[in-house]
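Reading the structure
Residue strings, one per chain:
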Amino acid sequence: MRTILEANSHDDIRFDILSNPEFLAEGTAINDLLYPDRVLIGGLQTPEGFKAQQALAEIYEQWVPKDKIITTNLWSSELSKLAANALLAQRISSINALSAICEATGADIDEVAYACGRDSRIGPKFLKASVGFGGSCFQKDILNLVYLSEQLNLPEVAAYWKQVVDLNEYQKKRFVSRIIKTLFNTITNKRIAVLGFAFKKDTGDTRESAAITLCKDFIQENARIYIYDPKVSEQQIFYDLSGPEVTYDIKDLKKRVTIVQSAYEASANADAIVVATEWDEFKELDFERIYKSMNKPAFIFDGRLILDAEKLKSIGFRVHTIGRANF
């Protein structure tokens, strides 16, 4: 791009390339834009490049404090975007790896995360164990980093970052295996209520959602799946679940998958509930009503650590959560 633009520059007009990566999170994008942690502007380290950086910085200074506007060279800016998402995803995979140890030893992953998060060098953010991260950015940016490392002949670095993605996939497969084992080693023709399909709450985005992997595995095990998500459309769910590893035929898919309009409808006559997205409304459900409507024994698998396991146990549920011993 720079070569083409420079070839078409002349005395009256000049083009410069700037790198201005966004750090907006889905569900909070407007707030992130208005009150950013930082604004990053990368440019060529030339007088013209510095001038271009300053021009863009002056626009941001209309609402962003000057000390939050960072100017770097082009490579630093581009790499910072990849590195930020890679480091966040790394924290999630790290706590998820520890969750497997917690389940095997009887430790509580929330207690471990809280204790570690109180260390000022670590901090509490992105230390919430779950069935796995999703979204359009984390996996894509990590794999970009892996590709870049391989192209720069840094195979050990590439392998390190690839392991973050591999651990995320392992966490999802491990959760499915735990569900199948708990349900007496088979879920064939059993009714599974999947609560949530978006990759996180407060968005309808399903890209790389953990729920997709869970549901595809359930389909391959011949379960009957009832899915409820307050934001994701039925069309999107069937689009995400159709593919060569399941079936391209939507009619065949609909024999195994039903989209419903409430968590109560999904849970009626279910053998198990799987919480795949941390929607706030799932915390407020009438679980006594749900328990009465389910087949017994009634199982809940909390893949987001949002439910009160002790309360559910007192109702009669058999509760399984990420990073904790069974209730």
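Residues numbered from 1 in each chain as written. Predicted model: local features only at pLDDT ≥ 70, side-chain atom pairs only at ≥ 80, totals over all residues. Heavy atoms only, no water.

Going by the annotation in an unreviewed UniProt entry, the name recorded for the protein chain is UDP-glucose 6-dehydrogenase, with Gigaspora margarita given as the source organism. Quoted verbatim from the Sequence similarities (unreviewed entry) field of UniProt, the annotation for the protein chain is "Belongs to the UDP-glucose/GDP-mannose dehydrogenase family." (UniProt positions renumbered as here; feature names shortened; annotations may be inferred.)

Next up on the list: the pairing of strand E9 (residues 318-321). As paired elements, strand E8 (residues 299-302) and E9 share four bridges and run parallel to each other. Note that in E9 the partner of Phe301 across the bridge is His320. In this fold, E8 hands off to helix H13 (residues 309-315), which returns the chain to E9; that crossover is right-handed. (Pairing = 2+ DSSP bridges. Helix = DSSP H or I, 4+ residues; strand = E, 2+ residues; numbered from the N terminus. Right-handed = clockwise from strand over helix to strand, strands pointing away.)

Further remarks concern the domain arrangement of the protein chain. Frequently, the measure chosen for interface size is the accessible area that the parts lose on association. As far as domains go, the protein chain holds domain 1 (2-77), domain 2 (78-166) and domain 3 (183-321). Computed from C-alpha coordinates alone, the two centres of domain 1 and domain 2 are separated by 28 Å. Facing the 11 residues of domain 1 at the interface are seven residues of domain 2. Among the residues domain 1 hides against domain 2, the three largest losses belong to Glu22, Phe23 and Trp75. Together they make up 46% of the total. Scanning the region where domain 1 abuts domain 2 turns up one salt bridge. Close ionic contact of Glu22 with Lys81 constitutes a salt bridge, the shortest N to O distance being 3.6 Å. Taken together, domain 1 and domain 2 are joined by nine residue pairs in polar contact (both at pLDDT 80 or more). Class assignment for the residues of the side of domain 1 that touches domain 2 results in five nonpolar, three polar and three charged. (Domains from an automatic or database assignment. Contact = heavy atoms within 4.5 Å. Buried area = accessible area lost by both parts, 1.4 Å probe. Salt bridge = Lys/Arg side-chain N within 4 Å of Asp/Glu carboxyl O. Polar contact = N/O pair within 3.5 Å; in protein donor to acceptor, adjacent residues only side chain to side chain. Nonpolar A, V, L, I, M, F, W, Y, C, P; charged D, E, K, R; others polar.)

Attention now goes to the sheet that holds strand E6 (residues 257-259). Taken together, six strands build an open sheet; the order of strands is E6-E5-E4-E7-E8-E9 and the sheet is parallel. Each end of this open sheet is capped by a strand with a single partner; those strands are E6 and E9. Put simply, the sheet's adjacent strands are angled 20° from each other on average, direction ignored. In the sheet, strand E4 (residues 191-195) pairs with strand E5 (residues 224-228) via five bridges, with the strands oriented parallel. (Axes fitted to C-alpha atoms, helices over the stretch in contact; angles between N-to-C directions.)

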